[in-house]
Amino acid sequence: MTLEDKIDKSRLPQHLAVIMDGNGRWAKKKGLFRSMGHEKGTKAVREIVETCAELPIPYLTLYAFSTENWNRPKLEVDTLMKLLVSSLKKEISTLMDNNIRLNAIGSLDSLPKKVHNELIDVMELTKSNTRMTLTLALSYGSREEITKTIKEISLKVKNNLISPSDIDESMINNHLYTHDLPDVDLLIRTSGEQRISNFLLWQIAYAELYFTETLWPDFRKEHLFDAILNYQNRERRFGKTSEQLNP
Ligand code: IPE
Ligand code: IPE
Ligand code: MG
């Protein structure tokens, strides 16, 4: 029985989010430039995207560049932006062949024009695809997203469009970049770090967290199956007791 056979296809996470970490350390271990780690990381992205579409997991969100990553050396930021444009161009056929819609979250206006334009083009091209929504978090920071949301809602109150008592969780949800995505069920972080690094703070309120030592460029579908099997062995209680869930 393969790992994949052990997965209960009726209980797959509907929304999987991944903090793809460890590209730099992968390269360093091999005596290569950090950029080689990022390059190799794109291969892992392709395998995981295709595997999720096949399973199927309808929503996959990948943390590709954080608001804090702008503070890296300019050369690394430039390399990452170039890699983004070339990967987007290269992966159009993967997205179309697998019926995947591309989506993006983050302060996209702060991306270089080339990246922004390519992103808009690919999102437009894939907008009618229905098997999976692949969301790239780019120049994404959860605190920036929540701050933006508070500003937008405050403005509505100021302009008397709503009153403070109208503000509820669903209104806040509707102002987030992720307004059209369900809550995250499973969050995977590679490379052994056990932190969230400003990713989807609101959306992971009840996500199951899974940390693995595997560095992102080494992450393959077997690692993903391990994570899903681990997820399926957990009891998601959402505040209730185990007895309530299993009467
Ligand atoms: C993740 O790998 C990719 C990005 C954050 C863009 P890192 O570049 O953070 O790799 P490490 O953590 O230095 O190994
Ligand atoms: C988080 O990784 C961001 C992405 C994976 C894009 P980092 O490597 O930037 O996280 P920290 O700064 O080590 O927490
Ligand atoms: Mg890192």
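Since this is a predicted model, take the numbers as computed values, not measurements. (Residues numbered from 1 in each chain as written. Chains lettered and ligands numbered in written order. Predicted model: local features only at pLDDT ≥ 70, side-chain atom pairs only at ≥ 80, totals over all residues. Heavy atoms only, no water.)

1. Comments concerning the site of ligand 1
In plain terms, the rule: The nearness test applies per residue and asks whether one of its heavy atoms lies within 4 Å of the molecule or strand. In the analysis that follows, any N or O atom pair within 3.5 Å is treated as a polar contact, provided that within protein one partner can donate a hydrogen and the other can accept it, and provided that, for residues neighboring in sequence, both atoms belong to side chains. Secondary structure elements are taken from DSSP: a helix is a run of H or I of four residues or more, a strand is a run of E of two residues or more, and numbering for both begins at the N terminus. When residues are grouped by polarity, Ala, Val, Leu, Ile, Met, Phe, Trp, Tyr, Cys and Pro land in nonpolar, Asp, Glu, Lys and Arg in charged, and all others, Gly among them, in polar.
Ligand 1 sits among Met20, Asp21, Gly22, Asn23, Gly24, Arg25, Arg34, His38, Ala64, Asn69, Arg72 and Leu80. Asn23 places a polar main-chain atom, nitrogen or oxygen, 3.1 Å from an oxygen atom of ligand 1. Arg72 has a polar side-chain atom sitting 2.7 Å from an oxygen atom of ligand 1. Mapped by element, the contributors of at least two residues to the shell around ligand 1 are helix H2 (23–29) and helix H3 (34–54). When residues in the shell around ligand 1 are grouped by element, the largest group, 3 residues, is from H2. Classifying every residue of the shell around ligand 1 gives 3 nonpolar, 5 polar and 4 charged.

2. Side note on the packing of helix H4 (residues 74–97) against helix H5 (residues 113–125)
For any two helices packed against each other, one specifies the crossing angle of their axes together with the interaxial distance. Basically, it comes down to this: Each axis is a line fitted through C-alpha atoms, taken for helices only over the stretch in contact, and angles between the N-to-C directions span 0 to 180 degrees. These descriptions rest on fixed angle ranges, namely under 35 degrees for roughly parallel, over 145 for roughly antiparallel, 65 to 115 for roughly perpendicular, and the rest for oblique. In what follows, residue pairs with any heavy atoms lying within 4.5 Å of each other are defined as contacts.
Across the interface, H4 lies against H5 with an axial gap of 9 Å and an inter-helix angle of 10°. Overall, the two elements H4 and H5 adopt an arrangement that is roughly parallel. Where H4 abuts H5, its residues Met81, Leu84, Val85, Leu88, Lys89, Ile92, Leu95 and Met96 lie against Lys114, Val115, Glu118, Leu119, Val122 and Leu125. A class-by-class count of the residues in the contact of H4 with H5 yields 11 nonpolar, no polar and 3 charged.

3. Some points on the site of ligand 2
In plain terms, the rule: Residue burial considers only the protein chains on display, and all accessible areas are found by Shrake-Rupley using a 1.4 Å probe.
Near ligand 2 the following residues occur: Ile19, Met20, Asp21, Tyr63, Ala64, Phe65, Asn69, Arg72, Arg189, Arg195 and Ser197. Between an oxygen atom of ligand 2 and a side-chain N or O atom of Asp21, the distance comes to 3.2 Å. In the environment of ligand 2, an oxygen atom lies 3.2 Å from a nitrogen or oxygen atom belonging to the side chain of Arg189. Relative to its unbound accessible surface of 390 Å², ligand 2 loses 78% to contact with the protein. Element by element, the count of residues in the shell around ligand 2 is highest for strand E2 (residues 59–66), at 3 residues.

4. A word on the nonpolar core
Put simply, the rule is: The definition of a nonpolar core used throughout is a set of buried Ala, Val, Leu, Ile, Met, Phe, Trp, Tyr and Cys residues joined through side-chain atoms within 4.5 Å. Partly exposed describes any residue whose relative accessible area lies between the buried limit of under 20% and the exposed limit of over 50%, with all areas from a 1.4 Å probe on protein chains only and scaled to the type maximum.
Among the nonpolar cores identified, the biggest contains 46 residues, and Leu16, Leu60, Leu102, Leu119, Leu134, Ile188 and Leu224 are the most heavily contacted of them. Top contributing element to this core by residue count: H4, with 7 residues. When sequence neighbours within four positions are dropped, the list of residues in contact with Leu102 reads Leu88, Leu95, Leu119, Val122, Met123, Thr126, Leu134 and Leu136. Judged by nonpolar contacts, the second largest core, of 14 residues, contains Tyr177, Ile196, Leu200 and Ile204.

5. Points about H4
Where we set the bar: Helix span is expected to be 1.5 Å times the residue number reduced by one.
Compared with the 34 Å implied by 1.5 Å per residue over 24 residues, the 35 Å span of H4 between its first and last C-alpha is a close match. Listing the buried residues of H4 in full gives Glu76, Val77, Leu80, Met81, Leu83, Leu84, Val85, Ser87, Leu88, Glu91, Thr94 and Leu95. Of the surrounding secondary structure, the elements contacted by the buried residues of H4 are H3, E2, strand E3 (100–105), H5 and strand E4 (132–140). Downstream of H4 by one or two residues, Asn99 has phi in the positive range, about 60°.

6. Re the pairing of strand E5 (residues 186–189)
For clarity, the threshold we go by: Strands pair, by our definition, only if DSSP identifies at least two bridges between them.
On E5, burial covers both faces: Leu186 and Ile188 on one face and Leu187 and Arg189 on the other are all buried. Pairing analysis gives 4 bridges linking strand E1 (residues 15–19) to E5, with the strands arranged parallel. By the bridge assignment, Leu16 is partnered in E5 with Leu186. The sheet contact formed by E5 and strand E6 (residues 208–211) spans 4 bridges and is parallel. Residue pairing in the sheet places Leu187 in a bridge with Leu209 of E6.

7. A closer look at the side chain of Asn103
Among the structural elements, Asn103 can be located in strand E3. Separated by 2.9 Å, the side chains of Asn103 and Thr135 make a polar contact. Filtering out sequence-adjacent residues up to four positions away, Asn103 remains in contact with Met123, Thr133, Leu134, Thr135, Leu136, Asp180 and Leu181.

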